[in-house]
Each structure stands twice: as structure tokens, then as C-alpha cells.
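Observations on chain architecture
As a plain string of letters, each chain reads:
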Amino acid sequence: MTQAINTGPPAGTEPYRWRWIALCVILAAEAMDLLDSMITTIAAPSIQTGLGGPSSMIQWLSAGYTLAMAVGLVTGGRLGDLYGRRRMFAVGALGFTLCSLLCGLAVSPEMLIGSRVLQGLFGAVMVPQGLGMIKEMFPPGELATAFGAFGPIMALSTVAGPVLAGWLVDADLLGTGWRMIFLINLPIGLLSLLGAIRYLPESKPSHASRLDLTGTGLVSAASFLLIFPLVQGRDLGWPAWTFASMAASIVIFIVFGRHQSRKERAGGAPLVVMSLFRKRAFSGGLVTGLAFFSGMIGFSLVFGLYTQIALGYDPLKAGLAGLPNAVGALAGFIVVNASGLARKVGRKLIHLGTVVMAAGVAGVGVTLDLAGTGVTPWQLAPALAVTGVGMSMIMAPFFDIVLAGVEPHESGSASGTLTAVQQLGGALGVAAIGTVFFGLLKQGWSFEDTMRLTIWIEVGLLAVTFLVAFLLPLRARPEEESAR
């Protein structure tokens, strides 16, 4: 989720009557998307046992979903501009629900991964529509409250996904085993669909731009050529074409940038407004977000696998082991939002958050070293809670600060690009950190040494986040300026 510069309802008009119920519908869809982005981190070993497949399948369960989201988000937002946001929200919710059913019925790794990719694409159609509708439904005085609800939902959904997955797999409801982690979306998705039809307002901008299909194709191809060899290269023995593919991805990203610049100069509607990259705050925000979300999502995957494979936790215990992370994140968001620290402290809160989160992650490593394979969730709880608090301190001010220097006419492209980079960072983290984890195990490293190195990689990515955050402005634009 990103926060865009907004105007609220036109002056002199009454706010939308059902806006708070509509916000709940939008938040339910957001939670469903975020839960599904993380829910396979705990269920992956059970899924692999049930369906078979190589270790790369574990990475694809998460990377396929987030990669599809990343390349589809900006186009999904444009579809709402062209055909109406409520209509496209409903299409996305229906498609997401049907793909969840396909995931639950999968009979092979290929069918499951393909269904996950389709899930991500429909999620990319559904999620962007809510932001535009919120801007139109709420008056300026209520916008901060409406957008503020996303922070706790994001934090809770991201870290609660593994807990929910562990409980569902362990409960084996109706004999479904791991399949219930996808089937649980059916009632949630149908309620979101019905809520959208009943309570979401008609919303369609008067000046909608056409789809940039060439740009979409280029950025999709570049992203796939980067992620695919990172995930599959280890299983295939790193043949020469994997390195050629990653090199080709860089070339195609450059071609994409030039295509967008030409389209913008010609008066067209590019996927990405290239003038954004001339703003130090926005470019720095993209690199900051890429480093932070790569490490956070990649570490979550490896931690979930380590607790089950090396420590012998069952899925429920592994999911509950991460619960202190959720509690710490929620507590951090509550304190930050209640005190207004995000606006008062600004960028310094991101810097402080990276230090706190790095200390928490390092604390996990120290706990594992001291307790060994007999470590209990209670022993891990303090370090994980600190990690969650640090995460909330980074995320609370991040989007506002990155978008501080964005002009109103650039806000749509900026929000979509920032959210897409967040998803791409997640896919890249799963691909790269997961590949390091499985690769070292294949070379004969012990689980303990492999996990120790993974922890240092996460600390290193947080150090990069700390340094690159200096490119961001000291704080977000004043509220009176944001409301213009």
C-alpha cells in the first residue's frame, strides 16, 4: 500500500455515506493480499511433501506471487482509470478468489505455481483501486485516519500470515492439510466481492490514459529474466544461460527506461513518469525500499524453513514462534501513530528503526548460538519482538517521506512504482536469500552456519537501508501542503 497526494471529495459536496464500511472492504482485500504473500513461508515444507518438486518450488511459491504483483500493479491501476475502480476491484476480488480455489485443488507443483502467479496478477488488479477510492471518499480531515489504518493492517498481515498458515496446516481442517491456507480465501474473497458491489462508490477519473502495453511487456520480461535464473540456477548447476539471462534483464530495463522517456516526451502516457527519477528523494526511496523489503521477506522465508527443518518445530509451533514479531510491529505502529512520531521525527525514525531492527535480528542469531537446536519460541521471543518494533519504525514514515517531493500530477505513477518496487524487492529477496540458503546446504554447510550467514546478510541489507535513507528528505511535506 502507498499513500498518494490527495484532494478528497470536491468542495461543497457531502462525504460518501458508506465510506467507513467501504474502507473495511478495501482493508479486507489488502489483508487477503498480504496474508497470501507470506502464508507459504511456513506451509512450504508441507506443500513440498504433499506435491513433491525441487527446493526451488519453495521459492517460487512466494516469488511467483510477488513478481506477478510487481509487474501488474501499475497496469492494474490504469485499468481502474479506464474501466472504473469499483468494477476492476470486483474483477480482481473474483479472480483472486477463483485462483485461490485453483491453488487449493492443485495436483502438481506446476499447477500450484501457475495458480499463484495468476493470484498475484488478479491481486495487482484489485489492490490499487482502493487507494483512488479512499482519496475520493474521505474529506481531508479524515484522510489521515483512513490511511493510518493501513499501517497496522500491513504489519499484522505480513507477520500473521505464517502464524495462520501454521495453525491451518496443523489443524488439518476437513482433512485438507496445507490446502486450507488457500481455501480460507474463499469466504473472505466472496465477502470482499459482495461488499465491493454493495458499498464501494462508482469511481472513474474523467481523464484516463491508455494502457502502455509495450512498457508492460518490457518490464515484465526484464523482471522475469532476473528472477527466474536466481531461483532455478542452483538446481540446474548455474549453466551459462542463467548469467546471460541476468545480464539481458539489465539491458531490457535500460530499454524500458528509454521507451518510457520517449513516450513521455511525445506526450503519451508511460507506465512510469521518468521525471520522478530525477528527484533524489524518490530514487533514494526506491533503493531504500528494495534493500529493506528484500531482506525482510527473504529472512522471513528462511526463518520459517529453519524452525521446521533444523529445529524440528511443527507448522503451528513454527508459526507461533514468529508471533512476537507481529506483537512488536503492532505495538510499534500504535506508539508511532498515537504520538505522531512519524511526522515529528521524520527520516531519523527510519534510521533509528534500522538500528533497532538490526539489533533484533542479531539478537535472533545470538539466541540461536547460545541455545542451539534446543531453542524454544519463548527464548526467541524478545529478539523477534525487537525486530518487529524496528520494522514498524521504518515502515510508518517511509511512504510519506519518499513521496514528499512528488508533484500532484506525478503522484499516481509514483505510488504505483513505489508499491511495485516493494513487491519486486520481496521477490528478489526470496530468490536471492533463498538461493544462498539452499545452495550452502547443498554444499554441505550445517543448518546453524547457513542460518548464521543468512542473519548477517539481513543485517547487511539493513545497513544498506540505513545508508541509502540519507537520500530521503528529513520529513514528509507539511499536512496543509499535502492536502492541496
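Here is a short report on the structure shown in this document. None of the values given here were measured: they were computed from a predicted structure.

**A closer look at the packing of helix H3 (residues 56-83) against helix H4 (residues 85-104)**
- One way to put it is that H3 packs onto H4 with a least axis distance of 8 Å and a crossing angle of 150 degrees. Here H3 is positioned roughly antiparallel relative to H4, judged by the angle of their axes. Touching Tyr 65, Leu 79, Gly 80, Asp 81 and Tyr 83 of H3 are Arg 85, Arg 87, Met 88 and Phe 96, all from H4.
- In terms of residue class, the contact of H3 with H4 is built from 5 nonpolar, 1 polar and 3 charged.

**Quick look at the pattern of salt bridges**
- One pass over the full model with this rule turns up 4 salt bridges.
- A salt bridge links Arg 116 to Asp 36; the nearest nitrogen and oxygen atoms lie 3.8 Å apart. Residue Arg 116 is found in helix H5 (residues 109-137), and its partner Asp 36 is found in helix H1 (residues 19-38); the two are separated by 80 residues along the sequence. Both residues of the pair, Arg 116 and Asp 36, belong to the buried class.
- Linking Asp 369 and Arg 452 is a salt bridge whose minimum nitrogen-to-oxygen distance equals 2.8 Å.

**A few points about empty space enclosed by the protein**
- Counted under the stated rule, the structure contains 4 cavities of 30 Å³ or more.
- When its volume is computed, the second largest cavity comes out at roughly 160 Å³.
- Leu 34, Ser 37, Ile 297, Gln 422 and Gln 423 are, among the 13 residues lining the second largest cavity, the residues nearest its centre.
- Counted by class, the lining of the second largest cavity contains 7 nonpolar, 6 polar and no charged residues.

**Re the packing of aromatic side chains**
- Per the stated rule, a full pass over the model turns up 13 aromatic pairs.
- Here the aromatic rings of Phe 224 and Phe 228 are separated by 5.2 Å at their centres, their planes lie at 25 degrees, and the arrangement is stacked. Of the two residues, Phe 224 and Phe 228 both sit in helix H10 (residues 213-236), 4 residues apart, roughly one turn of that helix.
- Residue classification places Phe 224 among the partly exposed residues on the basis of a relative accessible area of 41%.
- Taking the centre distance of 5.5 Å and the plane angle of 75 degrees together, the rings of Phe 437 and Phe 438 count as edge-to-face.
- The buried category is assigned to Phe 438, whose relative accessible area is 11%.
- By way of ring pairs, the aromatic residues Trp 60, Phe 224, Phe 228 and Trp 241 are connected into one cluster.
- In this structure, Arg 198 is placed above the aromatic ring of Trp 18, and the distance from its NZ or CZ to the ring centre is 5.3 Å.

Cut-off values and rules
Residues numbered from 1 in each chain as written. Predicted model: local features only at pLDDT ≥ 70, side-chain atom pairs only at ≥ 80, totals over all residues. Heavy atoms only, no water. Axes fitted to C-alpha atoms, helices over the stretch in contact; angles between N-to-C directions. Helix = DSSP H or I, 4+ residues; strand = E, 2+ residues; numbered from the N terminus. Parallel < 35°, antiparallel > 145°, perpendicular 65-115°, else oblique. Contact = heavy atoms within 4.5 Å. Nonpolar A, V, L, I, M, F, W, Y, C, P; charged D, E, K, R; others polar. Salt bridge = Lys/Arg side-chain N within 4 Å of Asp/Glu carboxyl O. Buried < 20%, exposed > 50% of the residue type's maximum accessible area, 1.4 Å probe, protein only. 1 Å grid on protein atoms, 1.4 Å probe; cavity = no way out; pocket = protein on both sides within 12 Å on 5 of 7 lines; lining within 4 Å. Points joined across faces, edges and corners; volume = space filled by probe spheres on them. Phe/Tyr/Trp six-rings, centres within 6.5 Å; stacked < 30°, edge-to-face > 60°. Lys NZ or Arg CZ within 6 Å of the ring centre and 35° of its normal.

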